[in-house]
Amino acid sequence: MSLNGWLQILLFIALVLLLAKPMGSYMTRVFERRRTWPDGVFGPVERLLYRVTGIDAEHEMRWTEYAVAMLAFSTATLGLTYAVERLQGLLPLNVQHLPGVAPDVALNTAISFTTNTNWQSYVPESTMSYLTQMLGLATHNFWSAAVGLALAIAFVRGIARRESSTLGNFWVDLTRGTLWVLLPMSFVFAIALVSQGVVQNFRPYDKATLVEPQTVTGADGKGTTVTTQVIAQGPVASQEAIKMLGTNGGGFFNANSAHPFENPTPLTNFLQLLSIFILPAGLTVTLGQMVGSPKHGRAVLAAMTILFAIGVTTCYWAESQPNPLMHNVAQQRTEQQSGGNMEGKEVRFGVANSALFATVTTDASCGAVNAMHDSFTPLGGMVPLVNILLGEIVFGGVGAGLYGMLVFVVIAVFIAGLMVGRTPEYLGKKIESYDVQMSMLYLLIFPLVILGFAAVTVMMPTTGLSVLANKGPHGLTEILYAYASATGNNGSAFAGSNWNTHWYNYSIGIAMFVGRFLMIVPMLAIAGNLARKKIVPASAGTFPVTTPLFTVLLVAVIVIVGALTFFPAISLGPVLEHLLLHAGHAY
Amino acid sequence: MKKHITIAILYTLMTSVLLGLAYPLAVTAVARLLYPKQADGELITQDGHLVGSALIGQPFTGPGYFHSRPSAAGIGYDASASSGSNLAPTSKALIDRTEASVAAEQNGAPVPVDLVTASASGLDPDITPAAALYQVPRVAAKRHLPVKSVEALVQEHITQRQLGLLGEPRVNVLELNLALDAMAAKG
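All of these numbers come straight from a predicted model, not from anything done at the bench.

## Some points on the overall build of chain B
In step 1: Within chain B, the secondary structure is distributed over six helices and six strands.
In step 2: Starting at the N terminus, the α and β elements of chain B follow one another as α-α-β-β-α-β-β-α-α-β-β-α.
In step 3: Computed over C-alpha atoms, the radius of gyration of chain B comes to 22 Å, more than 25% over the 16 Å expected from 2.2 N^0.38 for 187 residues, which places it beyond the range of a compact globule.
In step 4: The dimensions of chain B, computed from C-alpha atoms along their principal axes, are 75 × 45 × 35 Å.
In step 5: When each of the 187 residues of chain B is scored for burial, the buried share is 49%.
In step 6: Contacts spanning at least 24 positions in sequence make up 50% of the contacts within chain B whose residues lie at least 6 apart.

## Observations concerning the overall build of chain A
In step 1: When you go through chain A residue by residue, the secondary structure sums to 17 helices and five strands.
In step 2: A globule of 587 residues ought to have a C-alpha radius of gyration of about 25 Å, and chain A, at 24 Å, matches this closely.
In step 3: Taken over the C-alpha atoms alone, chain A extends approximately 80 × 60 × 50 Å along its principal axes.
In step 4: Taking contacts inside chain A between residues at least 6 apart in sequence as the whole, the part at least 24 apart equals 79%.

## Thoughts on the sheet that holds strand β6 (residues 170-172) of chain B
Residues and elements named next belong to chain B.
In step 1: Strands sit in the order β4-β6-β5 across an open sheet of three strands; the sheet is antiparallel. Each edge of the open sheet carries a strand with a single partner, namely β4 (126-127) and β5 (158-159).
In step 2: Direction of pairing for β4 relative to β6: antiparallel, over a ladder of two bridges. Considered in β6, the bridge of I127 is made with V171.
In step 3: Strands in contact with helix α6 (residues 173-186) are β4 and β6; relative to β6, the strand with the most contacts, it is inclined by about 60°.

## Notes on the interface of chain A and chain B
In step 1: Chain A puts 109 residues into the contact, and the matching count from chain B is 97 residues.
In step 2: Sorting elements by how many residues they give to the side of chain A that touches chain B places strand β1 (residues 206-217) of chain A first, with nine residues.
In step 3: Classifying every residue of the side of chain A that touches chain B gives 58 nonpolar, 40 polar and eleven charged.
In step 4: Judged from the two bridges that link them, strand β3 (residues 329-330) of chain A and strand β3 (residues 111-112) of chain B form a sheet pairing that is parallel.

## Regarding the pairing of strand β2 (residues 49-53) of chain B
A regular strand carries its side chains on alternate faces of the sheet.
All names here are of chain B.
In step 1: Direction of pairing for strand β1 (residues 43-46) relative to β2: antiparallel, over a ladder of four bridges. Residue pairing for β2: L43 is matched across the bridge by S53.
In step 2: Here β1 hands over to β2 after two residues, with D47 in that stretch at a positive phi of 50°.

## Some details on unusual backbone geometry
In step 1: For A:N116, which is not a glycine, the phi torsion comes out positive at approximately 65°.
In step 2: Its location among the elements puts A:N116 in the loop between α4 (103-114) and α5 (130-160).

## Considering helix α6 (residues 170-196) of chain A
Residue and element names in this part refer to chain A.
In step 1: Here α6 spans 37 Å end to end across 27 residues, near enough to the 39 Å set by a 1.5 Å rise per residue.
In step 2: Where burial is concerned, most of α6 is hidden: 20 out of the 27 residues are buried.
In step 3: Once α6 finishes, G197 follows within two positions and takes phi at roughly 120°, a positive value.

Calculation criteria
Residues numbered from 1 in each chain as written. Chains lettered and ligands numbered in written order. Predicted model: local features only at pLDDT ≥ 70, side-chain atom pairs only at ≥ 80, totals over all residues. Helix = DSSP H or I, 4+ residues; strand = E, 2+ residues; numbered from the N terminus. Rg over C-alpha atoms; globule rule 2.2 N^0.38 Å. Buried ≥ 20, exposed ≤ 12 C-beta atoms within 10 Å, placed from the backbone. Contact = placed C-beta atoms within 7 Å. Pairing = 2+ DSSP bridges. Axes fitted to C-alpha atoms, helices over the stretch in contact; angles between N-to-C directions. Nonpolar A, V, L, I, M, F, W, Y, C, P; charged D, E, K, R; others polar. Expected span 1.5 Å × (residues − 1).

Structural data, given as C-alpha cells:
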C-alpha cells in the first residue's frame, strides 16, 4: 500500500460525497416535475413521447399497476434485444459479418441486459455486431437504469406520502430519468472519454503489421508465424458512458474496462469510478429531501461510506501482498513499480486502482471490471464477493441500491423497536407485520437462489464442475460468485470458467430474472403499504433514524444478516484458499 | 393491463431509435469533429502501413526488443480476443507459467512482477519503469548500443502519473521499441 494509492482513494470518496448533494437535489426536482434548466430541450421530446404512445402523464398508479407497467416494459425491451441478436446477420452495421447469435446465448444476454446485470457469457468482439451493441445492448443500459431509478423514486414516495393509495406514474418516472438524467450525462461523459482515447467509430477491424513477427507453438507442437494484429473497433465511448452511469457494466469488449480502448488512461478510470457512484450517492440526498428529512438521507449515506471504507481497505491491503508461491519475482513496491499481485491487472492502474475499482463495481451493482477478479488474492477476491452477497446496497446500483438499502432500514428499525419494546416507527409510520414479512421475503429470496443453484451445481461433476478454470476451494468461489453476481444483477465474474454452456446460460438466466423481478414485487408491496399509512407523531419511544447511533445499527444489521447467511460458504471458498495458499498448496 | 402492453411496445420502439441510434450517432459526429485521431484508436502508421495502436500492446519476445508482459488474449496480444488468464493465485498453471517467464527474463536479480504476470486485457500496452530498466542491459548488448543511451531512452519514455496523482508510472512498450529501432538505425 502506498501514500499515493490512499490519496487516490480519498480523493475519490471525497468527490463522491461532494457531488451527492447537487446530483440528488437535481434528481428531486426532476422526479417532482419541477422546473429544471434542460426543460427547453427535453420538454418537447417528453410531450411527443407521451402523445404518440398514449401515456396519460397525470394518471397516478397503485403499486400493482406500477409493477404491471414495469413488467410490460421490461418484457417488450427484452423481446427487442432477443430479436436484434438473432437477426443481426441480416441487419446493417455488421462490418465483421457475424452470424445471428445462438438461442441460449441470445436469451441469456437479453435477460442479462434487461435486468441490469450485464452478465456476458460470450466474447463481444467476435459475437455482437455494432448494431446489436448499440440497439440491442446499449439501449438496455439506459432502460434498465431508468427502471431502477423509477422504482427507487416510487419506494421513496411510499415513505413520503401519507394516506395515499398511489406511488406515481411509472412511464413518467421512466421518461424523466432517461431524458433529464441519463441521456445528457452520458453524452457529455462519452465525449470526455473519446478525448482520452476511448474509440468511437464504425470501422471494420484494423489489421496492423507486427513490428516483431512472432512464432507461436501450437498445442500440436508445430510453430506458426504471426505477422499481423487484428484491432477490434466500434462505437465504444457512447456505450461505455451509460454502461458506467447506469451501473450496468457490460463491456463492449471481452476485457471490459481493462481493455485500453474502453479505459485508456488513469483519468478515464477515475471518471468511470465516479460515474458508478454518482447517481446512487445522489439518490440518498433525493431520499432525504423527498421524505422531508435530509438528515436521514445523510445517515444512510454515512452507513454506505463506512461499508465502502472497510471493503476497499481490505481489498487494497490483500492485493498489495506478494504471492508466496512465486519465486525470483520482485513483488515489493518500489519507486519504479507498484508491486503486489499483478496477475490480471493493468500496469497503468496498478494495485490501488484495481482494488478500488473491484470494490466500487461490486458495492454498486455495476459489474464492470478493470482487473480480473478471478486472479485476485483469496482475500482480495473475497471483498467483491462479499459486497455482492450483502445485496449491493453500499451505494448500490442505480435505484436498486437505494431500495435494497431501504429494506435493510425497515429491518433495522424493526429490530430497534424490538429492543425498546415499542411498535417500531419509520419516519412517523408504524412498521407492522406485513412490512416485515415482505422485507424478509425480499432478503430471503436472494440467498435461496444463490446457495440453491450453487449447491445443485457442485453436485454435478460434468455439467457443473468440468467447466471450472481453477480447482480446489477457488473453484467453489467461482461458482458462488457466478450465482451471486447473477442474482445480485452485478454481472462481473470470476471469468476464467467457460460459463457459455446450456446449464449455466439457462440457470444463470433464471437467477438474474428472479434476482431482479421477484425482488421488486415485495419491494413495491412494502412501498404501497407504507404510502397508505397515517403519520404518528414522534414520542419518547420513537427510535430516531437520523443519528450516528442509527447509522451504526444499520451497518450492524447489514453485516450480521450477511454473515449469518453466507459465512459457511465464504469459509469454504476464499478463507480456506487463503489458508492453503500460505501453507504452500497449489492446484 | 392491455393498455400498458400497447404503451410498452410503442415506448420501446420510440426510445430505441433515440437511445440506440440517434445517441451513438450524435456522439460519433461530435467525437469525429473534436477528436478524430482518438476516435479511431490512435493508430500508428510507418512508411504508409499500419504498425499498431498507441493504446494496444504488441508482443515482443526477441532479445533485441523490450519485452511486453505475457498475454492471455487469443494466441497473445490478439486485439480481437481480449482476455486475462483468470488463473487463481493457487493455480499450478499460473506458477508454472510464471516460472517459465522468470527463466526467460532473469538476469540475476529478481524479475519485476509485471514482466512475468499476464495483464487483465491481454493487451496491456505498458510495463512498469522497473520492468523496462531491468531489460536495458540485455537490449543494449544485443543492439551493440551503449547502456547509458538505452537507459536514457527508457527514462524519456516514462509516462508519469496523470495530473501528478492518478494511476501508476509506466512505459509504452510499442513506442519505446519503435524509438529503439530509430535509434539503432541512426547508429
